[in-house]
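Residue-level structural notes
Read off the chains here:
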Amino acid sequence: MAYDLVIRNGTVVDGSGGAAYRADVGVRDGRIAAIGRIDERAARTLDAEGHVVAPGFVDGHTHMDAQVFWDPLGSCSCYHGVTTAVMGNCGFTLAPCRADEADLVFRNLERAEDLSRDAMLAGIRWSWETFPQFLDTVEALPKGINYAGYIGHSALRTYVMGERAFTAAATEDDTRRMCSLVKEALAAGAIGFSTSRTFNHTTADDRPVASRLADWNEVRAIVNAMGETGKGVFELAGEAPGRDPGRIREYFDRLRDLAVESGVPQTWGMFSARVAPELWRPYFDLLDETAAAGGRMYAQVHSRALNVLLSFEAHTPFDKWDVWKDVRALPLAEQKAKLADPALKAKLVEVASRPYTGPRVVGAEARPPEWDWVYPMADMGFDKPSMAELARARGVHPVELMIDLALEHDFRIYFRQPIANENQDHVLEMMRHPRALVTFSDSGAHVAQIMDSSLQTHLLAYWVREKQAFTLEQAVRRITYDTATVWGLHDRGLIRRGLAADLVVFDPATIGARLPEVVHDLPAGAKRLKQTATGIRHTIVNGEVLLTDNQPTGATPGRLLRS
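Below, the structure is looked at part by part.

Along the backbone of the protein there are 17 helices and 24 strands. Here the C-alpha atoms of the protein give a radius of gyration of 24 Å, agreeing with the 24 Å that 2.2 N^0.38 yields for 563 residues. Its C-alpha atoms put the protein at 70 × 60 × 45 Å along the principal axes. For the protein, the share of sequence-separated contacts (at least 6 apart) that also reach a separation of at least 24 residues comes to 75%. Of the charged side chains in the protein, 63 are positive and 74 negative, and the gap between their average positions amounts to 1 Å.

Okay, the sheet that holds strand S11 (residues 266-269) next. With parallel pairing, the 8 strands of this open sheet are ordered in space as S6-S7-S8-S9-S10-S11-S12-S16. Single-partner strands in this sheet number two, and they are strand S6 (57-59) and strand S16 (436-438). Across the sheet, the mean angle from the axis of one strand to that of its neighbour is 25°, orientation sign disregarded. Sheet topology places strand S8 (residues 146-152) next to strand S9 (residues 192-196); 3 bridges connect them, and they run parallel. Looking at the pairing, isoleucine 151 lines up with phenylalanine 193 of S9. Sheet contacts for helix H8 (residues 281-293): S11, strand S12 (297-301) and S16; angle to S12, the most-contacted strand, approximately 150°.

Among the structural elements, lysine 143 can be located in the loop between helix H3 (131-140) and S8. Given a relative accessible area of 1%, lysine 143 falls into the buried group. Ignoring sequence-local partners within four residues, the contact set of lysine 143 consists of Val68, Pro72, Val138, Thr556, Pro557, Gly558, Arg559 and Leu560. Only 3.0 Å separates the side chain of lysine 143 from the backbone oxygen of glutamate 139, close enough to count as a polar contact. Of note is the side chain of lysine 143, whose polar atom sits 2.7 Å from the backbone oxygen of leucine 141.

Take the sheet that holds strand S13 (residues 306-310) next. With respect to topology, 3 strands assemble into an open sheet ordered S13-S15-S14, the strand pairing being antiparallel. With one partner strand each, in any of the chains shown, S13 and strand S14 (375-377) form the two edges of the open sheet. Across the sheet, the mean angle from the axis of one strand to that of its neighbour is 40°, orientation sign disregarded. For S13 and strand S15 (residues 414-420), the ladder comprises 5 bridges, and the chain directions are antiparallel.

Quick look at the pairing of S13 now. Successive residues of a regular strand alternate their side chains across the two faces of the sheet. Where burial is concerned, most of S13 is hidden: 5 out of the 5 residues are buried. The alternating pattern of S13 places Leu306, Val308 and Leu310 and Asn307 and Leu309 on opposite faces, both of which are buried.

Moving on, we get to helix H12 (residues 387-394). Given 3.6 residues per helical turn, the α-helix brings residues three or four places apart onto the same face. Within H12 the residues assigned to the buried category are Met387, Ala388 and Ala391. Seen end-on, H12 carries its buried residues on one side only, within an arc spanning 95°. Across from the buried face of H12, at angles greater than 90 degrees, the exposed residues are Arg392 and Ala393. Where H12 is buried, its residues touch S14, helix H13 (398-408) and S15.

Taken as a whole, this structure holds 18 aromatic pairs when the rule is applied. Between phenylalanine 69 and phenylalanine 134, the aromatic rings sit 6.3 Å apart at their centres with planes inclined by 45°, giving tilted as the arrangement. Placement of phenylalanine 69 in the loop between S6 and strand S7 (82-87) and of phenylalanine 134 in helix H3 is noted, with a sequence separation of 65 residues between them. With relative accessibility at 1%, the residue phenylalanine 134 sits in the buried group. With a centroid separation of 4.9 Å and 90° between ring planes, the pair formed by tyrosine 462 and tryptophan 463 is classed as edge-to-face. Grouping residues by exposure puts tyrosine 462 and tryptophan 463 together as buried. Aromatic rings pair up to connect Phe69, Phe106, Trp126, Trp128, Phe131 and Phe134 into one cluster. The residue whose ring lies beneath arginine 107 is phenylalanine 166, and the NZ or CZ to ring-centre distance is 4.5 Å.

Turning our eyes to something else, we now look at the environment of arginine 31. If you trace the backbone, arginine 31 turns up in strand S3 (residues 31-36). The partly exposed category is assigned to arginine 31, whose relative accessible area is 31%. Note: C-alpha distance between arginine 31 and aspartate 502 (471 residues apart in sequence) is 8.2 Å. When residues no more than four places from it in sequence are discounted, the contact partners of arginine 31 are Gly26, Asp491, Gly498, Leu499, Ala500 and Ala501.

Attention now moves to the nonpolar core. Formed by 118 residues in total, the largest nonpolar core has its most connected members in Trp268, Phe284, Leu460 and Phe506. It is helix H5 (residues 172-188) that contributes the most residues to this core, 7 residues altogether. If we ignore the near neighbours within four places in the chain, the residues touching phenylalanine 284 are Met270, Ala299, Val301, Met430, His433 and Ala436. Formed by 32 residues, the second largest nonpolar core is a distinct cluster that contains Leu344, Ala391, Ala406 and Phe440.

Turning next to the packing of helix H4 (residues 153-161) against H5. Packing of H4 against H5 brings their axes to within 10 Å, and their N-to-C directions diverge by 125°. One way to sum up the angle between H4 and H5 is to call them oblique. At the point where H4 passes H5, the crossing takes the right-handed sense. In this structure, H4 uses His153, Leu156, Arg157, Tyr159, Val160 and Met161 to contact H5, whose residues at the interface are Asp174, Arg177, Met178, Leu181 and Val182. Class assignment of the residues belonging to the contact of H4 with H5 gives a composition of 7 nonpolar, 1 polar and 3 charged.

Turning next to the side chain of threonine 83. Here threonine 83 shows up in strand S7. Those residues within four positions of threonine 83 in sequence are excluded, and the remaining contacts are Gly56, Phe57, Ile145, Asn146, Asp502, Thr539, Ile540 and Val541.

Quick look at H5 now. When the terminal C-alpha atoms of H5 are compared, their 25 Å separation across 17 residues agrees well with the 24 Å that a helix rising 1.5 Å per residue should span. Restricting attention to buried positions, one finds in H5 the residues Asp174, Thr175, Met178, Cys179, Leu181, Val182, Ala185, Leu186 and Ala188. In this structure, the buried residues of H5 make contact with H3, S8, H4, S9 and helix H6 (216-229). The first or second residue beyond H5 is glycine 189, which carries a positive phi of 120°.

Moving on, we get to the packing of helix H11 (residues 342-352) against H13. Packing of H11 against H13 brings their axes to within 9 Å, and their N-to-C directions diverge by 135°. With respect to their mutual orientation, H11 and H13 come out oblique. In this structure, the crossing between H11 and H13 has a hand that is right-handed. Contacts between H11 and H13 involve Lys345, Leu348, Val349 and Ala352 from the former and Val399, Glu400, Ile403 and Asp404 from the latter. Of the residues that constitute the contact of H11 with H13, the class distribution is 5 nonpolar, no polar and 3 charged.

This brings us to the pairing of strand S23 (residues 544-548). By the criterion of burial, S23 is predominantly enclosed, with 4 of the 5 residues buried. Between strand S22 (residues 536-541) and S23, which pair antiparallel one after the other, the connecting turn spans 2 residues, and asparagine 542 there sits at a positive phi close to 50°.

Conventions and cut-offs
Residues numbered from 1 in each chain as written. Predicted model: local features only at pLDDT ≥ 70, side-chain atom pairs only at ≥ 80, totals over all residues. Heavy atoms only, no water. Helix = DSSP H or I, 4+ residues; strand = E, 2+ residues; numbered from the N terminus. Rg over C-alpha atoms; globule rule 2.2 N^0.38 Å. Contact = heavy atoms within 4.5 Å. Lys, Arg positive; Asp, Glu negative; His and termini not counted. Charge placed at Lys NZ, Arg CZ, Asp CG, Glu CD. Pairing = 2+ DSSP bridges. Axes fitted to C-alpha atoms, helices over the stretch in contact; angles between N-to-C directions. Buried < 20%, exposed > 50% of the residue type's maximum accessible area, 1.4 Å probe, protein only. Polar contact = N/O pair within 3.5 Å; in protein donor to acceptor, adjacent residues only side chain to side chain. Arc of directions from axis to C-beta. Phe/Tyr/Trp six-rings, centres within 6.5 Å; stacked < 30°, edge-to-face > 60°. Lys NZ or Arg CZ within 6 Å of the ring centre and 35° of its normal. Core = buried A, V, L, I, M, F, W, Y, C linked by side-chain atoms within 4.5 Å. Parallel < 35°, antiparallel > 145°, perpendicular 65-115°, else oblique. Left-handed = near helix turned anticlockwise from the far one by under 90°. Nonpolar A, V, L, I, M, F, W, Y, C, P; charged D, E, K, R; others polar. Expected span 1.5 Å × (residues − 1).

So, to be careful, I would describe these as geometric facts and stop short of saying anything about function.
This is the structure in structure tokens:
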């Protein structure tokens, strides 16, 4: 046969941003071998009539480091056209780490990324110590999609410093050792180095994760050591300098100067916030300022609000409160019967109305929601009245409405609580910035609370089809060529002869995310949110069909992509 696979009759949107065109695409030995009219026979032929053929989507911000060990498919990213995921963000990785010190790594991950310690213990068979050994382990695993991985600062710090990593500054010897290990990781194929400096990232015992104990000189030394290799990307979950102009300027100067002096591309996530709507734009000015000074800096942005999904099947904000905790401990069928009791419902409403005095946590907020900013989600429509508006219309308390709606939908409803990016005009402005990357799904983390693996399909369904804010060609480029290029994945993200055959065949008229569901398929029976897509006919990885209509073919064509 001339080709292993031919996709016929499709409309090619090639990732470059150029105009779409009709063509067949031929694949041989995992690579694109021909584009145009193909008359030769193939071992397999797919008919893409009425569909777009695009490069596989590249997600630059995931936390799949643990999940890759128990989930060969790469869900839920794979269901939304993602064929390559960059893991190890925010300093959270499983290596370097000695097997008998795995709890140090779990301590960093358990709360900050809401990864179940029991799931990690049950699902991971430890067979490495160094980061190169970890890469070799991942390379040998069966994988549906491709992965690239950072070496993470918290794991690096605990490997070098042990318990001191959670309490002390690094010594000069510690820092030299970390620099050497990062160079070793990059030589073995790490995609870069990541860290976290955000107050949101804490351990299960309410201490900062290890990377937060590092002073800026430690970070600067490691990133400059990266620069000596000419490889890698520096990713950070950034500091929060607040609203003080002097503190903001000092932080910006550090970021800019490090990007310039190291020569290392730098990337960090940015969201808007309704409580401080003026804070995000100066960060985008910093991108341009850094470029003018000779550095490379990119903001990772989302395609919608950052939503916590509340539900009776997963989490409500009141699960540990008086009365609620007794009800929530029951099987779901018994909870439904209890919630139908008017007297008990009134008590639950009363308890949920009390002032909250507990801690602020990442993910499903324990404090009572601000109901003006919570939205019912029984389908994937996003422009809907708030729970406060609906409760006023019904003449009930929002908590009572939450219970009533849950019962009306047999618990198959979510309550969408945006915790950032509430203003969609801001979201659109950020996505349009030339140094913004539409990514940041956080796939693999917060799996029972957040479902943002669908940010790419949301872009195509909402911003392209519904709002017509981007052309299809522009949007596809944002999630293929742009992301692949920044992370140095130069054989992905475009449909060109000789490049890897990572492809997505989808219907632009129907592509979108389905309503999530709660499943218990993690190791040790832990729960997570699962979300598939509509409109994606085939997902092809390295020339093999991974999924057809969300159904896995059994192929595991994914690879470890080394820098």
